[in-house]
Amino acid sequence: MALAEVSRTCLLTVHVLQAHRLPSKDLMTPSDCYVTLWLPTACSHRLQTRTVKNSSSPIWNQSFHFRIHRQLKNVVELKVFDQDLVTGDDPILSVLFDAGTLRAGEFRCESFSLSPQGEGRLEVEFRLQSLADCAEQLVSNGILVARELSCLHVQLEETGDQKRSERRVQLVVPGSFEGLQEASVGTGSFHFHCPACWEQELRLHLQVDDAPEEQLKVPLSALPSGQLVRLLFPTSQEPLMRVELKKEEGPKELAVRLGFVPCAEEQAFLSMRKQVVAAALKQALQLDGDLQEDEIPVVAVMATGGGIRAMTSLYGQLAALKELGLLDCVSYITGASGSTWALANLYEDPEWSQKDLARPTELLKTQVTKSKLGVLAPSQLQRYRQELAERARLGYPSCFTNLWALINEALLHDEPHDCKLSDQREALSHGQNPLPIYCALNTKGQSLTTFEFGEWCEFTPYEVGLPKYGAFIPSELFGSEFFMGQLMKRLPESRICFLEGIWSNLYAANLQDSLYWASEPSQFWDRWARNQDSLDKEQVPLLKVEAPPSTAGRIAEFFADLLTRRPLAQATHNFLHGFHFHQDYFQHPHFSTWKATTLDGLPNQLTPTEPHLCLLDVGYLINTSCPPLLQPTRDVDLILSLDYNLHGAFQLQGRQGTCSADSPSACPAAAAAPGPVLPEAGDPVPAHHSQPRRAAAASGVPCLLRPHQPRSPCCASLSSGQRLLPGVLSPWLYSLHRGPADTRGGSLG
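Rules used in this analysis
Residues numbered from 1 in each chain as written. Predicted model: local features only at pLDDT ≥ 70, side-chain atom pairs only at ≥ 80, totals over all residues. Heavy atoms only, no water. Helix = DSSP H or I, 4+ residues; strand = E, 2+ residues; numbered from the N terminus. Buried < 20%, exposed > 50% of the residue type's maximum accessible area, 1.4 Å probe, protein only. Contact = heavy atoms within 4.5 Å. Areas by Shrake-Rupley, 256 points an atom, 1.4 Å probe, with all protein chains shown as cover. Patch = residues over 30% accessible without salt bridge, like charges linked within 9 Å, V, L, I, M, F, W, Y side chains within 5 Å. Salt bridge = Lys/Arg side-chain N within 4 Å of Asp/Glu carboxyl O. Pairing = 2+ DSSP bridges. Axes fitted to C-alpha atoms, helices over the stretch in contact; angles between N-to-C directions. Expected span 1.5 Å × (residues − 1). Phe/Tyr/Trp six-rings, centres within 6.5 Å; stacked < 30°, edge-to-face > 60°. Lys NZ or Arg CZ within 6 Å of the ring centre and 35° of its normal. Polar contact = N/O pair within 3.5 Å; in protein donor to acceptor, adjacent residues only side chain to side chain. Parallel < 35°, antiparallel > 145°, perpendicular 65-115°, else oblique. Left-handed = near helix turned anticlockwise from the far one by under 90°. Nonpolar A, V, L, I, M, F, W, Y, C, P; charged D, E, K, R; others polar. Core = buried A, V, L, I, M, F, W, Y, C linked by side-chain atoms within 4.5 Å.

Undergrad: Please explain the overall build of the protein as it appears in this structure.
TA: Of regular secondary structure, the protein possesses 13 helices and 33 strands. Across the 749 residues in the protein, those meeting the buried criterion constitute 53%. Taking as baseline every contact in the protein between residues at least 6 positions apart, the subset at least 24 positions apart corresponds to 73%. Here the protein displays about 32300 Å² of accessible surface, and carbon together with sulfur accounts for 53% of that area.

Here's what the structure looks like:
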């Protein structure tokens, strides 16, 4: 649950003094140097010193002031550039300084050097002072922080009977969600939302024919809250328009839920589902008495991706569970890539798990085997164009993934389906079906591979969220525009085909990802394990000084950019946009559990700073949908893993070394699923064998189970640490119960 707190503000003064012996970036003369400062928790844009010409030891002696909050992670970025009027400005020195290392009232002089010999040294003074008369209410979950917003309403009206050929006005409040807005004089109203604590101003620019541009600046701090203020503009000539301004406080309640436990709707569903599970277990296991509340296990089915193979196989295996009377024992079903297509189809029927699946299977067979040539027919292409144009008109970002979604829908259905993710709530209304969870990955559009930056995103009929940050929104609001946790512009909910396009989005991959997957499976997992080991050592830098790349380094960066750029990157409005980070976010146990990117220690570069999410198929990181089930707050006792990988992603046989439950990073399966895992190689539904479980005694396959007490009578006859249900699926049952020794955090990446 999010916590509200009132925090005192401080005044941070950054005094840029001088630099010594800066390397020259010009051929004949010393550099023309200036310094930029960026503190995104206090200012929306970069500030800049003046430029000192032809000097390797420039003196600026300029001060900059920022109002900051001690509860936030305030990281100041300073960069020294050589100004170049012909080509781009050349970077000379880059510094990250954590203002949280300063105490209130402290004055500190820092010298940042490129080398121990003192070459390329930048001298800066920092001073932190308390502001007793300033306070602001923050809302935080210990990772993200939402700040109070103010809303400025602007109304423009023409004055008199002015006849002008073309009069355009531009309005902007730097740092506002809306950014620059432009319109004709006297038309419409405008709104700007920005953090209330920032000392911002409204800027109006007016261009009348060939006359010089007129400009008006209005400090927002000078406007009384809730009162209407009228101005005439411009003031240097006959007024053309009347400007009406009104500043108001923003909403107090967030539209983004900050927390780590399942939402109230999911908890209510689980309560109803437990009654169904209890009845099904009693019948399947022929128990004499009813199960008590604490004896009812939470069972989940985890399906991997695999395109049509995964889709058809999941149909068959769910039908087998239904025939065995075990489908009603399942509380969750998670899917990735192709398996999400099967779930999306099934959940169009609110009672699907209570019916015979033979008819849905026959319909699937018809769609899979039909001719695919019609999906690119001229009439279909025209329909695609019209729907994509309508989405762009509504405000959805344009990207190739939307076209792929429509093509994929035509491949799997004869006609467009008007189903939405939130419609699946009807299939959960009285606990009659398991709760579906669909998985995707959030990545960066360029500069980083999926291995270097990949964040799990989960979709349920109730919510869509990024568990790493503990931030969730109602599923019907996915795709709408948010800022600082507030809903800015609500867009109509997308049809589920567009979500299926995201969940199976292979086209947003970069060349480096493709090269990784083209390698041998053993090489792939070895590289993955090494990356995870290095990420575990990442820390938040209190001070970081970087030199610009050399010529060879720039060439390497050029090719790295080619390898990591995503030419068909997906784009969805980012519901985390505008959030700041708590000063202790990196040590938060929940964030540490999901920590798996090279940027986790750099808050100024993480997802809340991006206007859009870039979502793609989880298969480009690890083909599994288990991470949502591993959250302790969901308390899943048993996971049935349905694996549709061609090479067997969780197969441990034939690998060098052994995997240990105490060292999950030693093997991909254990690292991806912290806790005990007992994998079994073979077909997705292995044949029934009457002999004892082969997996526990298989040569070369280590047993990763930890002993713990069974929770229900149906397990009383088993050895400690085992879970076994009768039938053909018994070799595929993995015990993932977290005992006391399993509470440590680990990467789920």
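And the narrative resumes.
Undergrad: Even after reading the chapter, I still don't get a nonpolar patch on the surface, so can you show me in this structure?
TA: A surface patch of nonpolar side chains, about 320 Å² in accessible area, is lined by F400, L506, Y507 and L568. With respect to the helices, strands and loops of the structure, L568 is situated in the loop between α10 (551–564) and β28 (572–573).

Undergrad: Is there a simple way to think about the sheet that holds strand β17 (residues 241–249) in this case?
TA: Backbone hydrogen bonds are what pair the strands of a sheet, in a parallel or an antiparallel way. Ordered in space as β13-β10-β17-β16, the 4 strands form an open sheet in which the pairing is antiparallel. The strands lining the two open edges of the sheet, one partner per strand, are β13 (189–195) and β16 (228–233). Ignoring strand direction, the axes of neighbouring strands in this sheet form an average angle of 25°. Sheet topology note: the strand β10 (residues 149–158)/β13 ladder contains 7 bridges and is antiparallel. Within β13, the position partnered with L149 by the bridge is P195.

Undergrad: Quick question: what am I supposed to make of unusual backbone geometry here?
TA: Trans is the prevailing form of peptide bonds, just as negative phi is the prevailing case for residues other than glycine. Of note, the phi angle at M484 is positive, near 50°, even though the residue is not glycine. Within the chain, D635 stands out as a residue other than glycine whose phi angle is a positive 55°. Summarising the element assignment, D635 is placed in the loop between β31 (615–616) and β32 (638–642). Its relative accessible area of 39% is what places D635 among the partly exposed residues.

Undergrad: Teacher, can you tell me more about helix α1 (residues 264–284) here?
TA: Think of an α-helix as turning once every 3.6 residues; residues three or four places apart then point the same way. Spanning 21 residues, α1 covers 30 Å between terminal C-alpha atoms, matching the ideal 30 Å at 1.5 Å per step. Burial in α1 covers these residues: E266, F269, L270, R273, V277, A278, A280 and L281. The secondary structure elements touched by the buried residues of α1 are β20 (330–335) and β21 (435–442). Positioned one or two residues after α1, Q286 has a phi angle of 55°, which is positive.

Undergrad: Whenever I open this one, the environment of E249 confuses me. Can you help?
TA: By the element assignment, E249 lies in strand β17. Judged by its relative accessible area of 59%, E249 is exposed. Measuring from C-alpha to C-alpha, the distance between E249 and L152 comes to 8.8 Å, with 97 residues separating the pair along the chain. Not counting residues up to four positions away in its chain, the partners in contact with E249 are L149 and S225.

Undergrad: How should the packing of aromatic side chains be read in this particular structure?
TA: The description of two aromatic rings rests on the distance between their centres and on the angle between their planes. What the rule picks out here adds up to 17 aromatic pairs. Between F581 and Y585, the ring centres sit 4.7 Å apart and the planes meet at 50°, which makes this aromatic pair tilted. The exposure class of F581 is buried, given its relative accessible area of 3%. Through a chain of ring-to-ring contacts, three or more aromatic side chains come together here, namely Y469, F581, Y585, F586 and F591. Between R391 and the ring centre of Y396, over which it is positioned, the NZ or CZ distance is 4.0 Å. One residue, R391, lies across the ring of F498, its end atom 3.9 Å from the ring centre.

Undergrad: Which parts of the structure should I look at to understand the side chain of T624?
TA: Its location among the elements puts T624 in the loop between β31 and β32. Under the relative-accessibility criterion, T624 is labelled buried at 1%. At a separation of 3.2 Å, a polar atom in the side chain of T624 contacts the main-chain amide nitrogen of C626.

Undergrad: Would you mind going over the packing of helix α2 (residues 307–324) against helix α3 (residues 338–346) with me for this structure?
TA: One way to put it is that α2 packs onto α3 with a least axis distance of 6 Å and a crossing angle of 50°. As far as their axial angle goes, α3 and α2 are oblique. Handedness of the α2/α3 crossing: right-handed. Seen from α2, the contacting residues are G307, I308, A310, M311, L314, Y315 and L318; seen from α3, they are G338, S339, W341, A342, L343, N345 and L346. Residue composition of the contact of α2 with α3, by class: 10 nonpolar, 4 polar and no charged.

Undergrad: I would appreciate a short explanation of the nonpolar core in the present structure.
TA: Generally speaking, a soluble globular protein has its nonpolar side chains buried in company with each other. Judged by nonpolar contacts, the single largest core of 95 residues is most densely connected at L144, L318, Y332, Y347, F459 and Y469. Here L318 is in contact with L327, I333, L346, W352 and L357, once residues within four sequence places are set aside. By size, the runner-up hydrophobic cluster in this structure holds 32 residues, among which are A42, C43, I92 and L102.

Undergrad: How should the pattern of salt bridges be read in this particular structure?
TA: A side chain with one charge can pair with a side chain of the opposite charge if their charged atoms come near. Taken as a whole, this structure holds 31 salt bridges when the rule is applied. Note that E106 and R108 form a salt bridge whose closest N and O atoms lie 3.1 Å from each other. The residue K370 makes a salt bridge to D414 at a minimum N-O spacing of 3.4 Å. Here D414 lies in the loop between α6 (400–412) and β21 and K370 lies in the loop between α4 (358–369) and α5 (378–394), a separation of 44 residues in the sequence. Its relative accessible area of 21% is what places K370 among the partly exposed residues. Note on D414: relative accessible area 54%, which makes it exposed. Among the charged side chains, a salt-bridge network with shared partners connects R383, E387, E409 and R495.

Undergrad: Help me understand the environment of K420 in this model?
TA: Relative to the elements of secondary structure, K420 occurs in the loop between α6 and β21. Among the residues examined, K420 registers a relative accessible area of 22% and is labelled partly exposed. Along the chain, K420 and C497 lie 77 residues apart, while their C-alpha atoms are 8.2 Å from each other. Other than its neighbours up to four places away in sequence, K420 contacts E493, S494, R495 and I496.

Undergrad: Looking at this structure, I do not really get the pairing of strand β23 (residues 463–466). What am I missing?
TA: Note on strand geometry: in a regular strand, side chains alternate between the two faces of the sheet. Side chains E463 and G465 of β23 all project onto a buried face; the interleaved residues V464 and L466 project onto the opposite face, where all are buried too. With 2 bridges joining them, strand β22 (residues 455–459) and β23 adopt antiparallel strand pairing. Directly across from F459, in β23, lies its bridge partner V464. The loop that links β22 with its antiparallel partner β23 comprises 3 residues. Two elements, β23 and strand β24 (residues 471–474), share 4 bridges in a ladder whose sense is antiparallel. Directly across from V464, in β24, lies its bridge partner I473. With antiparallel pairing between neighbouring strands as the criterion, β23 and β24 make up a hairpin whose turn holds 4 residues, including G470 at a positive phi of roughly 65°.

Limitation: the analysis is restricted to geometry and does not speak to function.
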